[in-house]
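Chain and residue survey
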Amino acid sequence: MSGFARRLAYRPVGMLAGAAAGALASLAFKQVWKIVSGDDDAPDATDEARGWGEILAAAAVQGAIFALVRVAVDRGTATGVRHVTGRWPD
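Okay, so let's go over this structure. Residue numbers run consecutively from 1 along every chain, following the written order of its sequence. For a predicted model such as this one, the threshold for reporting local features is a pLDDT of at least 70, and the threshold for listing and counting side-chain atom pairs is 80 or more; totals across whole chains, interfaces and linings nevertheless cover every residue. In computing side-chain values, all of the structure's heavy atoms are included and hydrogens and water are not.

**Regarding the overall build of the chain**
Secondary structure assignment for the chain yields two helices and zero strands. Here the radius of gyration uses the C-alpha set of atoms, whereas the globule reference equals 2.2 Å times the residue count to the power 0.38. Relative to a compact globule of 90 residues, whose C-alpha radius of gyration would be 12 Å, the chain shows 18 Å and is clearly more extended. With the C-alpha coordinates of the chain rotated into their principal frame, the extents come out at 55 × 20 × 15 Å. Only protein chains enter the accessibility calculation, which uses a 1.4 Å probe. A residue is then buried if its area is under 20% of the maximum for its type, exposed if over 50%, and partly exposed in between. Considering the chain as a whole, with its 90 residues, one finds that 17% of them fall into the buried category. Looking at the chain alone, contacts between residues at least 24 apart form 54% of all its contacts between residues at least 6 apart. Using the Shrake-Rupley algorithm and a 1.4 Å probe, accessible areas are obtained, with residue cover drawn only from the displayed protein chains. Element-wise, carbon and sulfur atoms account for 63% of the exposed surface of the chain, whose accessible area totals about 6500 Å². For the purpose of counting charges, residues Lys and Arg are taken to be positive, whereas Asp and Glu are taken to be negative. His and the chain ends are not included. Where a charge lies is defined by one atom per residue type, namely NZ (Lys), CZ (Arg), CG (Asp) and CD (Glu). The centroid of the 10 positive side-chain charges in the chain is displaced by 22 Å from the centroid of its 9 negative side-chain charges. Numbering goes from the N terminus for both helices and strands, where a helix is a DSSP run of H or I of at least four residues and a strand is a run of E of at least two. In what follows, residue pairs with any heavy atoms lying within 4.5 Å of each other are defined as contacts.

**Some words on the pattern of salt bridges**
Note on definitions: salt bridges are taken to be side-chain nitrogens of Lys or Arg within 4 Å of carboxyl oxygens of Asp or Glu. Per the counting criterion, the structure on display carries four salt bridges. Its salt-bridge partner being Arg 50, residue Glu 54 comes within 3.0 Å of it at the nearest N-O pair. Look at Glu 54 and you get partly exposed, because its relative accessible area is 27%. Arg 50 sits in the partly exposed class, given a relative accessible area of 22%.

**Quick word on helix H2 (residues 52-85)**
For H2, which comprises 34 residues, the first-to-last C-alpha distance of 49 Å matches the rise-based estimate of 50 Å (1.5 Å per residue) to within 8%. For H2, the full list of buried residues reads Ile 55, Ala 58, Ile 65, Val 69, Thr 77, Ala 78 and Val 81. The length a helix should cover is 1.5 Å for every residue beyond the first.

**What to know about the nonpolar core**
Note on terminology: a nonpolar core comprises buried Ala, Val, Leu, Ile, Met, Phe, Trp, Tyr and Cys residues joined through side-chain atoms within 4.5 Å. Grouped together as the largest cluster of nonpolar side chains are seven residues: Ala 21, Ala 25, Phe 29, Trp 33, Ala 58, Ile 65 and Val 69. Mapped by element, the contributors of at least two residues to this core are helix H1 (3-37) and H2. Looking at which element gives the most residues to this core, the answer is H1, with four residues. When residues no more than four places from it in sequence are discounted, the contact partners of Ala 21 are Val 69, Arg 70 and Val 73.

**What about a nonpolar patch on the surface?**
Like-charged residues are merged into a patch within 9 Å and nonpolar side chains (Val, Leu, Ile, Met, Phe, Trp, Tyr) within 5 Å, provided each residue has over 30% relative accessible area and no salt bridge. On the surface, Val 32, Ile 35 and Val 36 cluster together into a nonpolar patch covering about 290 Å² of accessible area. You can see Val 36 is positioned in helix H1.

**As for the environment of Arg 75**
When you line up the elements, Arg 75 lands in helix H2. Accessibility expressed as a relative area gives 54% for Arg 75, which makes it exposed. A C-alpha to C-alpha distance of 15 Å links Arg 75 and Gly 22, two positions 53 residues apart in sequence.

Functional significance is not addressed by these values, which are geometric in nature.
Below is the structure:
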């Protein structure tokens, strides 16, 4: 299989894994925020009742969780593809 064909075949797998990573990260963030803050919902940037510190902390925690989950899912997907095909995806 050519390099172009491999990349084309991997693309749908990567897209599905990315969507799953987003959903998983969202669930993880909601649970972590509930534990850390005691609130059910994280603050929005335009929430007038919340302070800068709380809003920025929520954004930092959310960003860290999303990045961690995305990298873990991307790496796991690439490892799985190598296991199935014998080649690392490009």
